[in-house]
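Breakdown of the fold
Chain by chain, the residues:
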Amino acid sequence: MNKSILLLAVPIVVVAAPLAMSRNSTTPMSEVTETQAVTPLKNAFKGKFRIGAAVSTAMLQGQDDGSTQLVKTHFDSVTAENAMKPAEIQPREGEFTFANADKLVEIAEQSGGSVVGHTLVWHSQTPGWFFQGKDGQPVTREVALARLQAHIKAVVGRYKGRIKEWDVVNEAINDGPGLLRQTPWLKAVGEDYLAEAFRAAHEADPDAILVYNDYNIELDYKRPKALELVKKLLDQKVPIHAVGIQSHWRIENPPLAETEKAIQEFSALGLKVMITELDMGVLPTRYQGADVSRREAMTPEQMAVMNPYTKGLPDEVAVKHGEKLKEAFDLFLKYRKNIGRVTLWGVNDGHSWLNNFPVRGRTDYPLLFDRALKPKPAFFSIQKAAEAVGK
Ligand code: G3I
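For the structure given in this document, a descriptive report is provided here. As the structure is a prediction and not an experimental result, all values here were calculated from the model.

Calculation criteria
Throughout this document, residue positions are counted from 1 along each chain, in the order its sequence is written. Note on the predicted model: pLDDT of at least 70 is required for a residue's local features to be given, and 80 or more for side-chain atom pairs to be given and counted; whole-chain, interface and lining totals, by contrast, use all residues. Excluded from the side-chain calculations are hydrogens and water; all other atoms, namely the structure's heavy atoms, are used. Here a strand is any run of E in DSSP of at least two residues, a helix any run of H or I of at least four, and the numbering for each starts at the N terminus. Exposure classes here rest on a 1.4 Å probe applied to the protein chains alone. A residue is buried below 20% of its type maximum, exposed above 50%, and partly exposed in between. Any two residues whose heavy atoms approach within 4.5 Å at even a single point are treated as in contact. The accessible surface values rely on the Shrake-Rupley method and a 1.4 Å probe; as for residues, cover is taken only from the protein chains in view. If a single non-hydrogen atom of a residue is within 4 Å of a molecule or strand, that residue counts as near it. Two N or O atoms count as a polar contact when they lie within 3.5 Å, although within protein this holds only if one can serve as hydrogen donor and the other as acceptor, and sequence-adjacent residues are included solely when both atoms are side-chain atoms. Any residue that is not Ala, Val, Leu, Ile, Met, Phe, Trp, Tyr, Cys, Pro, Asp, Glu, Lys or Arg is counted as polar, Gly included; the first ten are nonpolar and the last four charged. Any two strands with at least two DSSP bridges between them are considered paired.

Check the secondary structure of the protein chain and you find 13 helices and 9 strands. Out of the 391 residues belonging to the protein chain, those deemed buried represent 58%. Expressed as a percentage of contacts within the protein chain between residues at least 6 apart in sequence, the contacts between residues at least 24 apart total 81%. As displayed, the protein chain offers around 15,400 Å² of accessible surface, 54% of which is attributable to carbon and sulfur atoms.

What follows is the structure, given as structure tokens:
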């Protein structure tokens, strides 16, 4: 798999035809019968690690109760896909919109699950008011830092004892040269914005698990920077407890060998590892990662090649998807003592962000449930993987 994360302006796409796959390791879609007992997925993972799902705002607003019921039945951890990001929860200074986050906590408490607060500090989906004065000019470091701390205090404080885990800082590492991404927070506060964010979250809820979350930090090109960053924070006695490996992968070649090294190396620092945003895309792309600022531009001819499954997912691809997710979970289960949680970044394929990234308007199939909310072969393959190991 090309490790390059840079996009060509107009990608030259070579689409490998789906390989003819053995059908012995995963139940193909056509053989998954309605009567096949679908026991709650969380039961298989109990005592190993929490199995979670990202919950869309549509679900929180009652527009997808079918998926919400799947969350209550199958998952014991929930993450707000968007509802708790700064732009959604404090769109204007002092104006908080907690209704959706409150609903997420209610869903979790109804189903015995736990909540992950995603995310307190990010360069995306963060309103400009954090960084600008009334005159539109950049505020001083002191003002920006005070706003960062006030946001965290208000949000973490509201859910103290009810949300036990926070993605405190998201995607602070630069994909290009240098350690830190040139974000508005870095420009406004300085390099210590990360440490200050973790300290503020810890002060607001000393019992919460505090996570640094990022994409591609399992990969050889970026993992050293992530290790450097968390070591710096640990050396400064910053209260950081876990690293979140987002894991936005594709079936062509999920980076499991590099992920194993990452789990070993982050664990060696005394940190828990969370797999925070797992999805396994089946569509061809040369892009790897989740830098939302990047998009692929496609001609209609390329779209035909890049978007091959608009009429449904061929069984052999569904089987391969199940096998690749099983391989991933076999690795996670091997390190279940080091991993606290594995969260799928969505419930059903129809709601996945990958239907619009890196190309808008595609039909991807990255998750455990199909658009009809039926469990896919991947659901059964990871359930079998979990049932095959002890606690
Ligand atoms: O809510 C508005 C809606 O009112 C409007 O009509 C619509 C028109 O485009 O946009 C809606 O907002 C969208 C939002 O999701 C809620 O659906 C934004 O455009 C869209 O950009 C946003 O995408 C989210 C993305 O983060 C934003 O960066 C994805 O759903 C979400 O899955 C994705 O998740 C991120 C993680 O938080 C961090 N790691 C990477 C991951 C993937 O980018």
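That covers the picture; the talk isn't over yet.
Right, let's get into the site of the ligand. In the neighbourhood of the ligand, 16 residues make up the surrounding shell, with Glu81, Lys85, His118, Glu171 and Glu277 lying closest. Between an oxygen atom of the ligand and a side-chain N or O atom of lysine 85, the distance comes to 2.6 Å. Here an oxygen atom of the ligand sits 2.7 Å away from a polar atom, N or O, in the side chain of histidine 118. Relative to its unbound accessible surface of 790 Å², the ligand loses 53% to contact with the protein. Residue classes in the shell around the ligand are distributed as 5 nonpolar, 7 polar and 4 charged.

As a further point, take the pairing of strand β8 (residues 272-281). Of all the 10 residues making up β8, 9 are buried; the element is thus mostly covered by neighbouring parts of the structure. Here 4 bridges tie strand β6 (residues 242-245) to β8, and the two strands are oriented parallel to one another. The partner of isoleucine 245 across the bridge, within β8, is isoleucine 275. Bridge count between strand β7 (residues 248-250) and β8: 3 bridges; the pairing is parallel. Directly across from tryptophan 249, in β8, lies its bridge partner methionine 280. With 4 bridges joining them, β8 and strand β9 (residues 339-344) adopt parallel strand pairing. Its bridge partner lying in β9, methionine 274 is registered against arginine 341.

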